[in-house]
Amino acid sequence: MDLQSLIREIPDFPKPGILFKDITTLLRNPEGLRYTIDTLADKCAGFAVDYVVGMESRGFIFGAPLAYRMGVGFIPVRKPGKLPAAVHTIEYALEYGTDRLEMHQDALHDGAKVLIVDDLIATGGTAGATAQLIQKTGCEIAAYAFIIELVDLKGRENLPKAPIVTLVQY
Ligand code: AMP
């Protein structure tokens with residue numbers, strides 16, 4: 001299936017110079033949505049995974065059905081102040097300033113193997129920070145899965161080493 005034809009490009013969103021990859025046009029297409037989750041599940045089937053971790057918010061959309069298909073649990077990594085119980089926090093650099101991500105302290109048990117899922121990898125800042133958060137809790141990165149990779153930004157070089165699955169490369 002030609003997934004690229006289902007992903008809409010919006011220039012200058014959310015700010016000038018960014019070509020935004022809009023996955024809502026993929027999500028609303030039944031065959032596209034099914035193919036995306038099934039293909040991710042097929043490509044990740046060989047990894048030993050205890051949990052899927054997805055980042056707010058588009059990582060939730062793909063991560064939860066992928067976890068369901070793989071027969072494992074799903075753990076959300078959220079923006080600050082959203083999770084109700086005690087959290088681990090990681091701060092990471094943005095183009096201007098910093099941002100933070102949080103995960104419940106009791107979400108993962110020691111030594112758990114984790115598959116990190118998001119819609120898109122650009123610089124790798126978000127996935128890299130999530131990986132550090134997971135490693136901080138004594139857990140392992142089994143693999144990463146993204147629908148879209150912006151290859152020129154070399155995000156994969158900013159990730160702790162583990163296999164990386166991507167479906168569409170730009
Ligand atoms: P990064 O941390 O630089 O790898 O950026 C990844 C995060 O930012 C993902 O959660 C993406 O959803 C979002 N993102 C970055 N660049 C784009 C883009 N060109 N189009 C859509 N989303 C993007």
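Just so it is clear, the model here is predicted, and its values are computed rather than measured. (Residues numbered from 1 in each chain as written. Predicted model: local features only at pLDDT ≥ 70, side-chain atom pairs only at ≥ 80, totals over all residues. Heavy atoms only, no water.)

Some words on the pattern of salt bridges
When the charged atoms of two side chains lie near each other, side chains of opposite charge can form a pair. Operational definition: In what follows, salt bridge is the name for a side-chain nitrogen of Lys or Arg lying within 4 Å of a carboxyl oxygen of Asp or Glu. Per the convention used, a helix needs a DSSP run of H or I reaching at least four residues, while a strand needs a run of E reaching at least two, with both numbered from the N terminus. Using a 1.4 Å probe on the protein chains alone, a residue whose accessible area is under 20% of its type maximum counts as buried, one over 50% counts as exposed, and one in between counts as partly exposed.
If you walk through the whole model with that rule in mind, you get nine salt bridges. For Glu95, the salt bridge identified is with Lys15, shortest N-O distance 3.8 Å. On the criterion of sequence distance, the pair formed by Glu95 in the loop between strand 5 (87-93) and strand 6 (98-104) and Lys15 in the loop between strand 1 (8-11) and strand 2 (19-22) is long-range, its members being 80 residues apart. Judged by relative accessible area, Glu95 falls into the exposed class, the value being 63%. On the basis of relative accessibility, which here comes to 37%, the residue Lys15 falls in the partly exposed class. Across the pair Arg58 and Asp119 runs a salt bridge, and its minimum N-O distance is 2.8 Å. Taken together, the positions of Arg58 in helix 3 (residues 58-70) and Asp119 in strand 7 (residues 113-121) put the pair 61 residues apart, joining distant regions of the chain. Under the relative-accessibility criterion, Arg58 is labelled partly exposed at 30%. Sharing partners across several salt bridges, the network here consists of Asp38, Asp42 and Arg69.

Quick word on the packing of aromatic side chains
The line we're drawing: Note on ring pairs: Phe, Tyr and Trp rings are taken, using the six-membered ring of Trp, and paired if centres are within 6.5 Å. Classes follow the plane angle, with under 30 degrees stacked, over 60 edge-to-face and the rest tilted. Our definition puts a charge over a ring when NZ of Lys or CZ of Arg is within 6 Å of the ring centre and also within 35 degrees of the ring normal.
Scanning the entire structure with this criterion turns up three aromatic pairs. Centroid distance Phe60 to Phe74: 6.0 Å. Interplanar angle 85 degrees. Geometry classified as edge-to-face. Linking Phe60 in helix 3 with Phe74 in strand 4 (residues 73-77), this pair joins segments that are 14 residues apart in sequence. For Phe74, a relative accessible area of 27% corresponds to the partly exposed category. With centroids separated by 6.4 Å and ring planes inclined at 10 degrees, the aromatic side chains of Tyr144 and Phe146 adopt a geometry described as stacked. Note on accessibility: Tyr144 and Phe146 belong to one class, buried. In this structure, Lys21 packs its charged tip against the face of Tyr170, placed 3.9 Å from the ring centre.

As for the site of the ligand
Here is the rule we go by: Here a residue counts as near a molecule or strand whenever at least one of its heavy atoms sits within 4 Å of it. We call two N or O atoms a polar contact when they sit within 3.5 Å, provided that within protein one can donate a hydrogen and the other can accept it, with sequence-adjacent residues counted only if both atoms are side-chain atoms. Only the protein chains shown count as cover for residues, and all accessible areas are computed by the Shrake-Rupley method using a 1.4 Å probe.
Around the ligand, the surrounding shell holds 14 residues, and the nearest of these are Asp118, Asp119, Thr123, Gly124 and Thr126. Asp119 is positioned with one of its side-chain polar atoms (N or O) 2.8 Å from an oxygen atom of the ligand. Between Gly124 and the ligand, the recorded distance is 2.8 Å, taken from a backbone N or O atom to an oxygen atom. Burial of the ligand by the protein chains amounts to 80% of its free accessible area of 490 Å². Breaking the shell around the ligand down by element, the ones donating at least two residues are strand 2, strand 7 and helix 4 (125-136).

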